[in-house]
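What the coordinates show
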Amino acid sequence: MAEMQLNEIRVDPLTNRQEDPLSNRHEQGSKMAMPDIQGTSSQTNERSLWLSGIMRGVEGAKTKQRYSGPLIPKVPDKLKHENKECYKPSVVSIGPYHYKDRQNKLHEVEKLKVQMARQFVLDSKIKDIEILYSEVAKVAENAKRFYEGSSISCFDDEQFTRMMFLDGCFILQFIRGVMDNKLDMSDQQIILVKQDLLLLENQLPFSVLKSLMSLKNDGDDRGKEININDFLLHQILQTSDQRRPVWVLSWLVKGYLLLLLIYTSVVYPFHILQGKDSFFFSPLFGILVAGVIFVCKMVASLMRSLLCGNKWQAAKYHWPPHQEPAHILELLYSMFIRSQKEKHKLSLRSCCIYDLPERLRNLFPKSKLGKRGHNLYYSAKDLQKVGIHFKPSKTSTLMDVEFVSSIFYATLKIPSITIEKATRSMLLNLVAYETAAFLDDLWVTSYICFIDSLIDDAEDVKVLRSKGILINYLGPDQKVADLFNQIGRSLEANTNIVYNDVKRKINVSCDSTWKKWIAEWLQTYFSSPWAFIAFVAAAAVLVLTATQTYYTVYPYKSSDSPMSVGT
């Protein structure tokens, strides 16, 4: 055994060291096991790196913008399917997307661009076209990033800068001419140019406009930017302040007549039956009291308006410092949907006693609120029949939609909108903008779907138009109904929390039997002046008959009667 072990001992010629076969076999076994161990360890490390990479990607996604494409994107193909004509310019091309049409159907206004650019330079402070052009050239390279690369690949730097300069001068000179009513264009051309300036694929980077405005206004570009705001506010949105006095007057007359009804039905019969000539029981006193009460109401309403500011005009949107809109359509979009914080700053009612009933109602559980979901099952005329009144919101922002419920009736407040020929194109391009930019809250889409759910036919449009919510310049009410029905049909319903909340409250209010009875009573006796007069007369006769019957059974005993003297 020992001999066998001695014979197995060998000398390694390379290292001049003796090898033990047993230890060698042990080492070989260890070497054979090492790859397995190392493979298992590397797989574990690789798996850890892979899992960590997933989590790093999630964290990175939180900091990155959701949309990283061009700031002036093209309209998504799925939106072009049914309304393709609403996304193409009618008379003027701005930017590179529809540049090839400038020499064909858009040639007429294209010739006006040179004239308007010349006038823009002459109206500027420096009157030097070279300096103005050099300002545009400074931002031209950055402006290329606003468009898709395939659309600008056919332009060299000089051609692209010339296009930016000519289109920018045209836009600013057109806005100035419209605001000053000094444009050498037909009314039809002006209307179509306004429409084309709001197309998503017809936008110019705001930095180009800003470079031209800075020299035109002696270094102060804010003054001209406010002018663009005014152009969108008055020429596109067409805001007005004519709704409130009409509503207050209507409310004043109805309330005054109702108070007179109570007085003549309850108080004045005693004056007749008693036969006393007292001023406090005369009709003149009732008229004076009713008048004083409602004058005080009107003064209080006026004081609230003065304290809370002019809430009936659309407030201008001010961009945060060191930021600016990417283009004019984005500026218009921001006017439609300002931040919720800014909306609450418009009114002091959020911190006043007027919110006390609503705050008290919020303390109680609302088990019925989610009973019917967020789909709206009633049109405007149906809602009116169940005691839901319509009223324009205090601002034009699409966030300012509210449903206020009381014991006897409810009020749905909706921002008003002017409907004209260009409204269809404007709404569709706003929808295309928020869709292509992958915005979180699709406000315009939600608004259109909400109005579409309220409108079935011309009767619904008539209801909303009579309340000042829809200002119709388009034509017959059926055209407005068709407009919203056609647009709404091509859009997917959006789960916007503000509109869904309102829809749920409307569905719950429609289930109230008490409010239905009140609404039927009001529609029966207050639907027309003659019905109201007949109701007043019947109520007065009923009260007088009841009073006469009472005094017949229980005669009135005066203090100077013989019985009272004897006693």
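What counts, and where the lines are drawn
- Residues numbered from 1 in each chain as written.
- Predicted model: local features only at pLDDT ≥ 70, side-chain atom pairs only at ≥ 80, totals over all residues.
- Heavy atoms only, no water.
- Helix = DSSP H or I, 4+ residues; strand = E, 2+ residues; numbered from the N terminus.
- Buried < 20%, exposed > 50% of the residue type's maximum accessible area, 1.4 Å probe, protein only.
- Areas by Shrake-Rupley, 256 points an atom, 1.4 Å probe, with all protein chains shown as cover.
- Pairing = 2+ DSSP bridges.
- Axes fitted to C-alpha atoms, helices over the stretch in contact; angles between N-to-C directions.
- Contact = heavy atoms within 4.5 Å.
- Parallel < 35°, antiparallel > 145°, perpendicular 65-115°, else oblique.
- Left-handed = near helix turned anticlockwise from the far one by under 90°.
- Nonpolar A, V, L, I, M, F, W, Y, C, P; charged D, E, K, R; others polar.
- Phe/Tyr/Trp six-rings, centres within 6.5 Å; stacked < 30°, edge-to-face > 60°.
- Patch = residues over 30% accessible without salt bridge, like charges linked within 9 Å, V, L, I, M, F, W, Y side chains within 5 Å.
- Salt bridge = Lys/Arg side-chain N within 4 Å of Asp/Glu carboxyl O.
- Lys, Arg positive; Asp, Glu negative; His and termini not counted.
- Charge placed at Lys NZ, Arg CZ, Asp CG, Glu CD.
- Expected span 1.5 Å × (residues − 1).
- pLDDT = per-residue confidence, 0-100.

A separate point is the overall build of the protein. Secondary structure assignment for the protein yields 24 helices and seven strands. Burial statistics for the protein: of 567 residues in total, 41% are counted as buried. By element, 58% of the accessible surface of the protein is carried by carbon and sulfur atoms, the whole surface being about 33,100 Å².

We now examine the sheet that holds strand S3 (residues 388-392). Judged by pairing direction, the sheet is mixed, and its three strands sit side by side in the order S3-S5-S4 without closing on themselves. At either margin of the open sheet sits one strand with a lone partner, and together these are S3 and strand S4 (402-405). Neighbour-to-neighbour, the strand axes of this sheet turn through a mean angle of 20°, independent of strand direction. Sheet analysis places S3 next to strand S5 (residues 410-414), joined by five bridges and oriented parallel. Paired with Ile388 across the two strands is Ala410, which belongs to S5. Of the strands in this sheet, S3, S4 and S5 are in contact with helix H21 (residues 497-510), which crosses S4 at around 30°.

Let us look at the packing of helix H18 (residues 443-454) against helix H20 (residues 477-489). Two elements in contact, H18 and H20, have axes whose closest approach is 9 Å; the angle formed by their N-to-C orientations is 125°. In this view, H18 runs oblique relative to H20, as classed from their interaxial angle. As for the relative orientation of H18 and H20, their crossing is left-handed in sense. Residues Ile448, Ile451 and Asp452 of H18 form the contact with H20, whose participating residues are Phe484, Asn485, Ile487 and Gly488. For the contact of H18 with H20, the class distribution of residues is four nonpolar, two polar and one charged.

Between two packed helices, both the angle of their axes relative to each other and the distance between the axes serve to describe the pair. Running from amino to carboxyl end, helix H7 (residues 157-180) crosses helix H8 (residues 187-196) at an angle of 125°, the nearest separation of the two axes being 12 Å. With respect to H8, the element H7 is oriented oblique. Here H7 runs over H8; the crossing is left-handed. Contacts from Phe170, Phe174 and Val178 of H7 reach H8 at Ile190, Val193 and Lys194. Considered class by class, the residues forming the contact of H7 with H8 number five nonpolar, no polar and one charged.

Glancing now at the environment of Asp511. Note on placement: Asp511 falls in the loop between H21 and helix H22 (513-525). You can call Asp511 partly exposed: its relative accessible area is 25%.

Now for the packing of aromatic side chains. In the structure shown here, the tally under the stated rule is nine aromatic pairs. Consider the rings of Tyr97 and Tyr147, whose centres lie 5.5 Å apart with planes at 85°: the pair is edge-to-face. Here Tyr147 lies in the loop between helix H5 (129-143) and helix H6 (149-152) and Tyr97 lies in the loop between helix H3 (77-80) and helix H4 (107-123), a separation of 50 residues in the sequence. By the burial criterion, Tyr97 is buried, and Tyr147 matches it. An aromatic cluster is defined as three or more aromatic residues linked by ring pairs; in this entry it consists of Tyr97, Tyr147 and Phe160.

Of all five residues in S5, five are buried, a share of seventy percent or more. Here S5 shows two buried faces, one formed by Ala410, Leu412 and Ile414 and the other by Thr411 and Lys413. Relative to S5, S4 is paired through four bridges, and the arrangement is antiparallel. If you follow Ser405 over to S5, its bridge partner there is Ala410.

Right, let's get into a positive patch on the surface. A grouping of Lys74, Lys84, Lys88, Lys100 and Lys105 is seen on the molecular surface, where their side chains present a positively charged patch. By the secondary structure assignment, Lys88 is in the loop between H3 and H4.

This paragraph deals with H4. Owing to its 3.6 residues per turn, the α-helix aligns residues three or four sequence positions apart on the same side. In a regular helix each residue adds 1.5 Å, so 17 residues correspond to 24 Å; H4 covers 25 Å between its end C-alpha atoms and thus fits that length. Here H4 has its buried residues at Val109, Glu110, Leu112, Lys113, Met116, Ala117, Phe120 and Val121.

Moving on, we come to the side chain of Asn429. You can see Asn429 is positioned in helix H17 (residues 423-436). Looking at Asn429, the relative accessible area reads 0%, which means it is buried. Filtering out sequence-adjacent residues up to four positions away, Asn429 remains in contact with Cys86, Tyr87, Leu198, Leu199, Leu200 and Leu329.

Moving on to the confidence of the model for the protein. Predicted confidence across the protein gives a mean pLDDT of 75, with 61% of residues reaching 70 or more. Highest mean pLDDT in the protein belongs to helix H19 (residues 458-466) (95); lowest belongs to helix H1 (residues 2-7) (43). Note that pLDDT drops below 50 for residues 218-226; the model gives that stretch 16 contacts with residues more than four away or on any other chain. Considering only residues more than four positions removed or in separate chains, one finds that residues 339-358, a stretch of pLDDT under 50, has 24 contacts.

Quick look at unusual backbone geometry now. Negative phi values dominate among residues other than glycine, just as trans dominates among peptide bonds. Unusually for a residue other than glycine, Lys127 sits at a positive phi of about 60°. Relative to the helices and strands, Lys127 is located in the loop between H4 and H5. Positive phi values are uncommon outside glycine, yet Phe438 reaches one of about 55°. Within the element layout of this structure, Phe438 appears in the loop between H17 and H18.

Enumeration over the complete set of coordinates arrives at 14 salt bridges. A salt bridge links Lys80 to Glu201; its shortest N-O distance comes to 3.2 Å. Residue Lys80 is found in helix H3, and its partner Glu201 is found in the loop between H8 and helix H9 (206-216); the two are separated by 121 residues along the sequence. On the basis of relative accessibility, which here comes to 24%, the residue Lys80 falls in the partly exposed class. Given a relative accessible area of 4%, Glu201 falls into the buried group.

Counting through the fold element by element, Ser509 comes out in helix H21. Distance from Ser509 to Leu383, taken between C-alpha atoms, is 9.4 Å for residues 126 residues apart in sequence.

Here H21 spans 20 Å end to end across 14 residues, near enough to the 20 Å set by a 1.5 Å rise per residue. Considered for burial, the residues of H21 that qualify are Tyr499, Asn500, Val502, Lys503, Ile506, Asn507, Ser509 and Cys510.

Inspection of the secondary structure assignment puts Lys144 in the loop between H5 and H6. Taking the relative accessible area as the measure of exposure, Lys144 reaches 16% and is therefore buried. In this view, Lys144 contacts Ile152, Asp157 and Phe160; residues no more than four positions away in its chain are not counted.

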